[in-house]
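A closer look at the structure
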Amino acid sequence: MPNVRVLPPEIVSKIAAGEIIERPASVIKELMENSFDAQTRSIEIFLKDAGKTLIHIKDSGSGIEKDDLNNIFFRHATSKIRNLDDLSKISSLGFRGEALYSISAIADVILRSKTAGQDTGWEIHLRGGKKLDLRPVSMPTGTELEIKELFFNTPARKKFLKSDTSEMNQVLNTFIPYTFLYPQCRFRLNHQGKDLIDIHPAEKPTERIAEILNLNSKHMIETKKEFPDKKICVRLILGDINISRSRRDMQFVFVNDRPVQSRSFGFHINQTYRLIFPPEKYPFFAAFINLPADEVDVNVHPAKREVKIRHEQAVISLLRAMCETALLSHGQAKQVTISALEKSNATPASWEEAPARSGEKIFESSGPSDFQKELQRQFSLEDVAHWPASPDGRQAPEIHEDFFAQHDENLQKKLKRSRFIGSFIKKFLLFEVDRMLLVVDQHAAQERITFEKLLQQMESGNMEVQHLLSPILIKLSPQEILSWEEGKERLEEVGLTTTQFDNQTIAVHTHPQLIQEPETAVRAILAGEDVARCDYNTIATWACKASIRAGDSLNRQQAEYQREELLKCKDPFTCPHGRPTVIEVSEKFLDKQFLRT
Ligand code: ADP
Ligand code: MG
């Protein structure tokens with residue numbers, strides 16, 4: 001066994017830096033947080049090569065005293081907490097005193113700062129954690145940092161950096177949420193001498209959001225619930241049915257004024273949107289959740305991207321209830337009720353004992369219980385209205401594995417021989433064969449068909465395109481603009497000819513004939529990373545995911561035609577995203593449901 005050694009400080013600092021600073025976006029996050037903690041009213045960031053060679057940030061915050069300049073780069077040097085008690089009620093964004101220490105360990109750093117009380121500012125220069133210089137400079141009150149040569153002494157890290165576009169995407173994903181949190185602050189983000197974002201203080205968060213994401217604030221619903229005695233406040237800004245995306249790229253969650261990645265909050269809000277959205281369409285939303293500091297642990301992730309919440313289930317119930325009420329009362333929704341939501345009218349009284357809901361569905365769209373309801377309606381049998389209650393008290397019985405009968409190699413043949421017996425809610429086509437019900441998901445099947453045709457045309461270079469007399473104008477978000485600049489040639493190769501219309505808008509002149517909704521397809525493709533280098537398969541998946549309309553009612557001929565087209569596909573029984581296009585429901589399964597043994 002080799003001798004145990006304590007690592008020298010140079011190595012320790014690099015390890016620590018690796019936990020917090022993964023890429024330029026992480027530097028930007030830490031530095032922006034410092035500026036907000038210093039009450040800045042303005043943040044300007046200038047980047048070269050997506051921040052790999054230079055990150056220059058300026059704020060107009062409180063500044064740092066000259067005497068503190070020598071200390072702030074030490075590990076755990078912070079002005080924000082003093083004792084253990086402070087740690088349990090953190091109100092600042094930073095508190096661990098690790099950011100400046102970590103950044104200076106792996107880059108060349110110049111920090112200039114001046115407080116209102118000082119006549120002059122001071123500049124300190126560090127490289128690889130070593131202090132090189134401290135001298136006076138003239139500057140306005142505030143703080144300015146120049147981070148050069150990120151990862152110059154940690155080549156392994158440097159190798160992990162992605163293309164400039166992809167790093168810039170991360171920068172925007174980091175930067176944008178803060179602009180929502182601080183609408184009264186001025187923001188500028190400049191890359192290679194060009195302003196990507198330059199916005200002035202806004203009155204209201206909705207205005208700010210609309211401006212940054214290039215959305216219409218008319219299409220946003222605002223709702224708020226506050227329980228002052230419990231120090232709980234939840235504010236939701238929800239896009240209505242007019243803002244729909246094929247990916248979850250316009251969804252923001254904040255906990256105690258901190259952007260967080262919360263799979264579970266996001267998941268539940270998306271699920272509530274199934275009330276008004278078809279599957280595979282995702283809304284815009286921003287959820288600002290404020291809880292008592294001791295309900296939230298921000299110390300679970302090195303970069304504080306994730307937080308732990310003590311009564312998470314209660315927050316979820318509240319979110320779902322608020323979301324449902326807002327969406328349904330906004331008049332855009334179809335009438336639906338979700339039984340889980342009925343009991344989730346979370347009030348302050350039920351806060352502590354809000355029930356943990358177990359067994360959440362994994363699929364966001366039609367889960368089995370929907371399906372059962374649908375079957376129930378299809379066969380319009382009054383006496384199945386009362387499903388035998390299952391042990392957990394829920395109405396619907398468990399779905400047995402043989403519900404989705406195995407697709408054997410005969411499915412192809414069976415489908416070919418089957419007889420069309422009707423369609424159900426413009427969503428499913430029903431075929432009968434050998435005492436077996438085949439249910440075709442019309443939308444998924446169409447996606448598979450379109451996908452294979454589209455891919456075939458892309459690969460052969462024989463794209464059938466539609467020329468538009470008047471172009472479709474699409475307003476893009478900063479991320480989308482960036483992605484478009486990189487990927488426009490690729491778009492053209494796949495039949496989407498686009499030109500720049502103004503700073504934030506592009507014009508679409510042609511689109512593949514197979515695509516019904518070119519705007520959605522363009523957005524779906526632009527939401528992807530590295531569009532320019534994507535393969536056709538991926539692009540076709542995105543394009544057709546986005547642009548198949550749901551809900552056309554098909555007559556017998558059309559249904560049979562769709563079946564023929566589906567059977568011509570190489571891979572007919574899954575849609576391009578892996579969901580089934582056809583399922584078999586056996587007589588045995590139905591008998592079981594009716595308690596006929
Ligand atoms: P933390 O934010 O966790 O305290 P940092 O390493 O990020 O640790 O910063 C160390 C200290 O430097 C902060 O506590 C703060 O006092 C000071 N500081 C850093 N950036 C700024 C800034 N932009 N304006 C004012 N003070 C700053
Ligand atoms: Mg900090």
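Residues numbered from 1 in each chain as written. Chains lettered and ligands numbered in written order. Predicted model: local features only at pLDDT ≥ 70, side-chain atom pairs only at ≥ 80, totals over all residues. Heavy atoms only, no water.

Regarding its fold elements, the protein presents 19 helices and 24 strands. Going through the 597 residues of the protein one by one, you find that 52% of them count as buried. Put simply, 69% of the contacts in the protein that link residues at least 6 apart link residues at least 24 apart. (Helix = DSSP H or I, 4+ residues; strand = E, 2+ residues; numbered from the N terminus. Buried < 20%, exposed > 50% of the residue type's maximum accessible area, 1.4 Å probe, protein only. Contact = heavy atoms within 4.5 Å.)

To continue, consider a nonpolar patch on the surface. A cluster of nonpolar side chains, contributed by Leu7, Ile11 and Ile15, occupies part of the molecular surface with about 250 Å² of accessible area. Here Leu7 shows up in the segment before helix H1 (9-20). For Leu7, a relative accessible area of 43% corresponds to the partly exposed category. (Patch = residues over 30% accessible without salt bridge, like charges linked within 9 Å, V, L, I, M, F, W, Y side chains within 5 Å. Areas by Shrake-Rupley, 256 points an atom, 1.4 Å probe, with all protein chains shown as cover. Salt bridge = Lys/Arg side-chain N within 4 Å of Asp/Glu carboxyl O.)

Turning our attention to the pairing of strand S20 (residues 436-441). Buried residues dominate S20, accounting for 6 of its 6 residues. Neither face of S20 is left uncovered, since the one carrying Met436, Leu438 and Val440 and the one carrying Leu437, Val439 and Asp441 both have all their residues buried. As paired strands, strand S19 (residues 428-433) and S20 are joined by 6 bridges and run antiparallel to one another. The partner of Leu429 across the bridge, within S20, is Val440. Taking the residues that link successive antiparallel strands as the turn, the S19-S20 hairpin has 2 residues, and the phi of Asp434 there is positive, at about 45°. (Pairing = 2+ DSSP bridges.)

If you trace the 8 strands from one edge of the open sheet to the other, you get S5-S4-S3-S6-S2-S1-S7-S8, paired in mixed fashion. Because the sheet does not close on itself, it has two edges, and the strands there are strand S5 (130-137) and strand S8 (194-199). Neighbouring strand axes in the sheet, compared pairwise and without regard to direction, differ in orientation by 10° on average. Bridging between strand S2 (residues 54-59) and strand S6 (residues 142-148) involves 6 bridges; their strand directions are antiparallel. By the bridge assignment for S6, Lys58 is matched with Glu144. Across the sheet, helix H2 (residues 24-37) is in contact with strand S1 (42-48), S2, S6 and strand S7 (186-191); its angle to S2 comes to roughly 10°. (Axes fitted to C-alpha atoms, helices over the stretch in contact; angles between N-to-C directions.)

With that settled, consider the environment of Ile515. Looking at the element boundaries, Ile515 is found in the loop between strand S23 (505-512) and helix H16 (518-526). Separated by 30 residues in sequence, Ile515 and Lys545 place their C-alpha atoms 9.9 Å apart.

Take the site of ligand 1 next. Looking at ligand 1, there are 19 residues lining it, with Asn34, Thr78, Ser79, Lys80 and Gly97 nearest. Here an oxygen atom of ligand 1 sits 2.8 Å away from a polar atom, N or O, in the side chain of Asn34. Ser79 places a side-chain nitrogen or oxygen 2.5 Å from an oxygen atom of ligand 1. Computed on the free molecule, ligand 1 has an accessible area of 530 Å², of which 93% lies beneath the protein chains in the complex. Contributing elements (two or more residues each) for the shell around ligand 1: H2 and helix H5 (99-105). Along the lines of polarity and charge, the residues of the shell around ligand 1 split into 7 nonpolar, 8 polar and 4 charged. (Near = heavy atom within 4 Å. Polar contact = N/O pair within 3.5 Å; in protein donor to acceptor, adjacent residues only side chain to side chain. Nonpolar A, V, L, I, M, F, W, Y, C, P; charged D, E, K, R; others polar.)

Of the residues in the protein, 86% reach a pLDDT of 70 or more, and the chain-wide mean stands at 82. Note that pLDDT drops below 50 for residues 331-409; the model gives that stretch 129 contacts with residues more than four away or on any other chain. (pLDDT = per-residue confidence, 0-100.)

The next thing to look at is the sheet that holds strand S18 (residues 419-424). Two orientations exist for strands paired in a sheet by backbone hydrogen bonds: parallel and antiparallel. Read across the open sheet, the 4 strands follow the order S18-S19-S20-S24; overall the sheet is antiparallel. Each having just a single partner strand, S18 and strand S24 (582-586) make up the two edges of the open sheet. Taking the axes of each pair of neighbouring strands and ignoring which way they run, one obtains an average angle of 25° across the sheet. Pairing analysis gives 5 bridges linking S20 to S24, with the strands arranged antiparallel. From the neighbouring strand, Val440 faces S24, where its bridge partner is Val582. Against the sheet, helix H14 (residues 442-460) touches S19 and S20, its axis set at about 60° to S20.

So, about the nonpolar core. Of all hydrophobic cores here, the largest spans 63 residues; its most connected members are Met32, Ile147, Leu213 and Phe284. Among the elements that make up this core, the one with the highest residue count is helix H7 (residues 164-181) (8 residues). When residues are assigned to domains, this core turns out to be shared by domain 1 (9-199) and domain 2 (205-330), each giving three or more. Non-local contacts of Met32, meaning those with residues more than four positions away in its chain, are made with Ile43, Ile45, Ile57, Phe175, Tyr178 and Phe187. One finds Phe277, Ala287, Val315 and Leu318 within the second-largest nonpolar core, a separate group that totals 33 residues. (Core = buried A, V, L, I, M, F, W, Y, C linked by side-chain atoms within 4.5 Å. Domains from an automatic or database assignment.)

Another point: the side chain of Glu44. With respect to the helices and strands, Glu44 occurs in strand S1. Ignoring anything within four residues of it in the chain, the contact list for Glu44 reads His56, Ile57, Lys58, Arg186 and Arg188.

So, about the packing of aromatic side chains. Following the criterion strictly, the structure yields 11 aromatic pairs and no others. Ring geometry for Phe36 versus Tyr182: centroids 3.8 Å apart, planes at 5°, classification stacked. Linking Phe36 in helix H2 with Tyr182 in the loop between H7 and S7, this pair joins segments that are 146 residues apart in sequence. In this structure, Phe36 and Tyr182 share a single accessibility class: buried. Aromatic side chains Phe180 and Phe252 sit 4.8 Å apart centroid to centroid with 70° between the ring planes, which places their arrangement in the edge-to-face category. Of this pair, Phe180 sits in helix H7 while Phe252 sits in strand S12 (residues 251-255); the two residues are 72 residues apart in sequence, bridging distant segments of the chain. Per residue, the accessibility class of Phe180 equals that of Phe252, and both read buried. Every member of this aromatic cluster is reached through a ring pair, and the members are Phe36, Phe175, Tyr178, Tyr182 and Phe187. Against the face of Trp122 rests Lys66, its NZ or CZ located 4.2 Å from the ring centre. A cation sits over an aromatic face here: Arg127 above Phe152, 4.2 Å from the ring centre. (Phe/Tyr/Trp six-rings, centres within 6.5 Å; stacked < 30°, edge-to-face > 60°. Lys NZ or Arg CZ within 6 Å of the ring centre and 35° of its normal.)

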